[in-house]
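Each chain is listed here by its residues.
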Amino acid sequence: MKPVAGYVPYPPRAFRTRVSTYWWLTSWPYLRFILREFSSVFVAWFVVLTLWQIASLIRGPAAYAGFLEWLRSPFLVALNAVSFLFVVFHAVTWFNLAPKAMAIRMGGKRAPALLITAPNYVAWLAVSAALAWIVLGE
Amino acid sequence: MSKRSNEPLLWLLFSAGGVVAALAIPVHLFLFGLAFPLGWIKSPSYESLMALIRHPLAAPYLLVVCSLPLFHWAHRFRYTLFDGLQIKHLNELINTFCYGGAILGTMLAAYLVWTIP
């Protein structure tokens, strides 16, 4: 057996300062990072809402009317407004990260970030317009 | 012996879910969560929505829009708890909750689109 470098199950206790549980409140970039990660909770909420919507559509017109009534309650409107801001935040940060994740080379150099970011925004606009057009039926 | 990691697969699902969530969810949430309930835009009727989800492409679309973003959530939320709250000792419980939730949600979505009359 060759010794495996890297992971050690029980490393010796060296001096380490304890990182506060609230480290992400100490600076704006940290907070922004945690907010970006937290946007995933609102992504999951959207899926719950959509599954609920499909289920009430299947159950019939009365059930769907009840679902729409529930969506009109102030709490749901507020929750969905916050969720909307978070999913837009997710989309913007996701598209802005794309040039860092995709290393496309042009003539031996990394392609400029805008060249990768811009098509993402165009796609976002196109998909949004197409979906709205389909849902609104015109 | 080292076990093959399933991290690349989970990352792929996270990444695909992130793309789907970024492209499709804002407009969905704007229409159904804000514009229709607040009366900014007239909501489509029950019949037209039923016609829409009966379309042959609706089932695969709804499945993708529900499933992949759940795996995106599972991966991100898991690491948010890991980094943000530093609760490493609950790792197994958190993983089961996150990926288990995504799998359950996917199964529920598959069941629902299967039962569309």
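The structure we're discussing is the one just above.
Rules behind the numbers
- Residues numbered from 1 in each chain as written.
- Chains lettered and ligands numbered in written order.
- Predicted model: local features only at pLDDT ≥ 70, side-chain atom pairs only at ≥ 80, totals over all residues.
- Heavy atoms only, no water.
- Helix = DSSP H or I, 4+ residues; strand = E, 2+ residues; numbered from the N terminus.
- Contact = heavy atoms within 4.5 Å.
- Buried area = accessible area lost by both parts, 1.4 Å probe.
- Salt bridge = Lys/Arg side-chain N within 4 Å of Asp/Glu carboxyl O.
- Polar contact = N/O pair within 3.5 Å; in protein donor to acceptor, adjacent residues only side chain to side chain.
- Core = buried A, V, L, I, M, F, W, Y, C linked by side-chain atoms within 4.5 Å.
- Buried < 20%, exposed > 50% of the residue type's maximum accessible area, 1.4 Å probe, protein only.
- Axes fitted to C-alpha atoms, helices over the stretch in contact; angles between N-to-C directions.
- Parallel < 35°, antiparallel > 145°, perpendicular 65-115°, else oblique.
- Nonpolar A, V, L, I, M, F, W, Y, C, P; charged D, E, K, R; others polar.
- Patch = residues over 30% accessible without salt bridge, like charges linked within 9 Å, V, L, I, M, F, W, Y side chains within 5 Å.
- Areas by Shrake-Rupley, 256 points an atom, 1.4 Å probe, with all protein chains shown as cover.

### Section: the overall build of chain A
When its secondary structure is counted, chain A shows 4 helices and 2 strands. Along chain A, from the amino end to the carboxyl end, the secondary structure elements read α-α-α-β-β-α. Summarising the internal contacts of chain A: among those between residues at least 6 apart in sequence, 43% fall at separations of at least 24.

### A closer look at the interface of chain A and chain B
In this assembly, 51 residues from chain A lie in contact with 51 residues from chain B. Buried area between chain A and chain B, both sides added, is near 4500 Å², and the carbon and sulfur share of it is 78%. Looking only at chain A, the three residues that lose the most surface to chain B are Phe46, Trp94 and Val135 of chain A, adding up to 15% of its buried area. Inspection of the chain A/chain B interface yields 1 salt bridge. Note that Glu37 of chain A and Arg76 of chain B form a salt bridge whose closest N and O atoms lie 3.4 Å from each other. Our enumeration of links across chain A and chain B arrives at 6 residue pairs in polar contact (both at pLDDT 80 or more). Those elements giving two or more residues to the side of chain A that touches chain B turn out to be helix H1 (28-59), helix H2 (61-71), helix H3 (74-101) and helix H4 (113-136) of chain A. With 19 residues, H1 of chain A is the largest single contributor of residues to the side of chain A that touches chain B.

### Let's talk about the nonpolar core
Judged by nonpolar contacts, the single largest core of 48 residues is most densely connected at Leu57 and Tyr64 of chain A together with Leu31 and Phe32 of chain B. When contributions to this core are tallied by element, the ones reaching two or more residues are H1, H2, H3 and H4 of chain A together with helix H1 (7-35), helix H2 (46-54), helix H3 (58-84) and helix H4 (91-114) of chain B. Leave out the neighbours within four places in its chain, and Leu57 of chain A touches Tyr64 of chain A together with Tyr46, Leu49, Met50 and Ile53 of chain B. Phe95 and Trp124 of chain A together with Ala22 and Leu23 of chain B belong to the second largest nonpolar core, which has 7 residues in total.

### Here's the deal with the packing of H1 of chain A against H2 of chain A
Residues and elements named next belong to chain A. Running from N to C, H1 and H2 point in directions that differ by 150 degrees, and their axes come no closer than 7 Å. With respect to their mutual orientation, H1 and H2 come out roughly antiparallel. Residues Trp45, Leu49, Trp52, Gln53, Ser56, Leu57 and Arg59 of H1 pack against Ala63, Tyr64, Phe67, Trp70 and Leu71 of H2. Grouping the amino acids of the contact of H1 with H2 by side-chain chemistry returns 9 nonpolar, 2 polar and 1 charged.

### Some details on a nonpolar patch on the surface
On the surface, a nonpolar cluster with roughly 360 Å² of combined accessible area is contributed by Met102, Ile104, Met106 and Leu115 of chain A. Note that Ile104 of chain A resides in the loop between H3 and strand S1 (105-106).

### So, the pattern of salt bridges
All names here are of chain B. On inspection of all chains with the given rule, the structure shows 4 salt bridges over all chains. Between Glu7 and Arg78 there is a salt bridge, with its nearest N and O atoms 3.9 Å apart. Of this pair, Glu7 sits in helix H1 while Arg78 sits in helix H3; the two residues are 71 residues apart in sequence, bridging distant segments of the chain. By relative accessible area, which is 27% here, Glu7 ends up partly exposed. On the basis of relative accessible area, Arg78 is assigned to the buried category, the value being 13%.

So, to be careful, I would describe these as geometric facts and stop short of saying anything about function.
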